[in-house]
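Results of the structural survey
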Amino acid sequence: AAFKGNYNGTGAKVDGRDIGFGYIGVDDNFLSTLQIPVLKGRNFSKSFSTDPEESIIVNEAFVREAGLKNPIGQEVDFQWKNKKLKIIGVIRDYHYASLKDTIKPLVLVQDPGYRIGTIFAKLDTKDIPATMRAIEKIFRQHIRNLPFEYQFEDETNLRRYEAEAKWKQMITLAAVLSIFVSCIGLFGLATFNAETRVKEIGIRKVLGASVASITALLSIDFVKLVLIAIVIALPFSYYGANVWLQKFPYRIEITWWYFVLAAVLAISIAVCTVGYQSIRAAMLNPVRSLRSE
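A brief structural summary. All of these numbers come straight from a predicted model, not from anything done at the bench.

Along its length, the protein carries ten helices and nine strands. Overall, the protein is about 105 × 50 × 25 Å in size when its C-alpha atoms are taken along their principal axes. The 293 residues of the protein split such that 30% are buried. Sequence separation of at least 24 residues holds for 70% of the intrachain contacts in the protein that already meet a minimum separation of 6. Summing over all exposed atoms, the protein offers an accessible surface of approximately 19200 Å²; the carbon and sulfur share of this is 61%.

Here is the structure:
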């Protein structure tokens, strides 16, 4: 288990510069429990009795903001505490807020007077209800007048992106319905096209046309329409995706192969939709289609 205090925003002076940062009180198990690597220096340790009063750990964003080349041992002047604390470690930047926010400078302290607000615990997933009952029992031994409240970190992360999850569901449903309706329309057009060109198909087969060539002949017009639709849709798709991604400081880059894959998928669906009817028409006996002539 690990302990963490509430997040607060504050500031201090580093080399005469005012730096704003997040300020969290933790214990020496916090980094190992959350698997946050120490890049330089060391973690808090009970072997160093002066850590709670004299030491802090900062993240990479703090080092960049302060312009520190050699952060280990650097003093940070907490004027509001009337003391200077030394940096003993630098941790990798981690997302302690939503991915919609950039990682801000962060300071971890072991201030004995800092109120602990959260306990982190790794659970064995074999029997979570029994584990939670055991934790609650321990909690009640120390705290009797407060409710036992807990939340799972993975669920907390999901709640941060509820709006995106709902949009994903809506867009997926709309896309599936659009593809379904489009396929019905394409199938209907392919059937109508084959019926109106039945005699043409018969003549071509008599003159030696293969099933493959007739199928391609009947399908090519629909593929052209799909290609035109793709050319029209791609700029709007690119613009819409870029606008949505702008909300996230840490985001993927939109590359050309996303659109190529989407285009190939759309063409494949169109070919499969009209292909059945086209092949069926191409395999008809020409005698039957021309007997009325």
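Following the structure, the description resumes.
Under the 1.5 Å per step criterion, the end-to-end length of helix α8 (residues 211-245) is 47 Å for 35 residues, consistent within 8% with the ideal 51 Å. Bending of α8 peaks at approximately 35° at the position of S219. Of all the residues in α8, the buried ones are I214, T215, L218, S219, F222, V223, V226, I230 and L245. Where α8 is buried, its residues meet α6 (162-196), α7 (198-206) and α9 (256-282).

For α9, spanning 27 residues, the distance from its first C-alpha to its last is 37 Å, which sits close to the expected 39 Å at 1.5 Å a residue. Of all the bends in α9, the greatest measures close to 35° and is centred on G275. Along α9, the residues classified as buried are F259, A263, A270, T273, V274, G275, Q277, S278, A281 and A282. In this structure, the buried residues of α9 make contact with α6, α7 and α8.

Let's shift gears to the nonpolar core. A general trend in soluble globular proteins is that nonpolar side chains are found buried together. Counting 18 residues, the largest nonpolar core has F21, I56, V58, F62, V76, F78 and V107 as its most contacted members. Elements with a minimum of two residues in this core: β2 (8-14), β3 (17-25), β5 (55-59), α3 (60-66), β6 (75-78), β7 (83-91) and β8 (106-109). Contact partners of V76, with chain neighbours within four places excluded, come to A12, K13, V14, I56, F62, K83, K84, L85 and I87. L31, F44, I57 and I91 belong to the second largest nonpolar core, which has 16 residues in total.

Let's shift gears to the packing of α6 against α9. In the contact formed by α6 and α9, the axes pass within 9 Å of each other and the chain directions differ by 25°. By the criterion of interaxial angle, the relationship of α6 to α9 is roughly parallel. Taken as a pair, α6 and α9 cross one another with a handedness that is right-handed. Two secondary-structure elements touch here, α6 through I179, C183, L186, F187, A190, T191 and A194 and α9 through I269, A270, T273, V274, Y276, Q277 and A281.

This part takes up the side chain of D28. Here D28 shows up in the loop between β3 and α1 (30-33). Among the polar contacts made by the side chain of D28, one reaches the side chain of K46 at a distance of 3.0 Å. Excluding residues that lie within four positions of it along the chain, D28 makes contacts with N43, F44, S45, K46 and Q110.

This part is about the pairing of β6. Side chains V76 and F78 of β6 all project onto a buried face; the interleaved residues E75 and D77 project onto a face where none is buried. The sheet contact formed by β6 and β7 spans four bridges and is antiparallel. By the bridge assignment, F78 is partnered in β7 with K83. Between β6 and β7, which pair antiparallel in sequence order, lie four residues; one of them, N82, sits at a positive phi of approximately 60°.

With that settled, consider the environment of I179. For I179, the position within the fold is in helix α6. Take I179: its relative accessible area is 41%, and that puts it in the partly exposed class. Separated by 90 residues in sequence, I179 and I269 have C-alpha atoms that sit 8.6 Å apart.

The next thing to look at is the environment of K40. Note on placement: K40 falls in strand β4 (residues 38-41). For K40, a relative accessible area of 43% translates into the label partly exposed. Distance from K40 to I91, taken between C-alpha atoms, is 7.1 Å for residues 51 residues apart in sequence. For K40, the contacting residues outside a window of four places in its chain are K69, P71, I72, I88, G89 and V90.

Reading the values: the criteria
- Residues numbered from 1 in each chain as written.
- Predicted model: local features only at pLDDT ≥ 70, side-chain atom pairs only at ≥ 80, totals over all residues.
- Heavy atoms only, no water.
- Helix = DSSP H or I, 4+ residues; strand = E, 2+ residues; numbered from the N terminus.
- Buried < 20%, exposed > 50% of the residue type's maximum accessible area, 1.4 Å probe, protein only.
- Contact = heavy atoms within 4.5 Å.
- Areas by Shrake-Rupley, 256 points an atom, 1.4 Å probe, with all protein chains shown as cover.
- Expected span 1.5 Å × (residues − 1).
- Bend = angle between axes of the 7 residues up to and from the residue.
- Core = buried A, V, L, I, M, F, W, Y, C linked by side-chain atoms within 4.5 Å.
- Axes fitted to C-alpha atoms, helices over the stretch in contact; angles between N-to-C directions.
- Parallel < 35°, antiparallel > 145°, perpendicular 65-115°, else oblique.
- Left-handed = near helix turned anticlockwise from the far one by under 90°.
- Polar contact = N/O pair within 3.5 Å; in protein donor to acceptor, adjacent residues only side chain to side chain.
- Pairing = 2+ DSSP bridges.

Any functional reading would require information that these geometric values do not contain.
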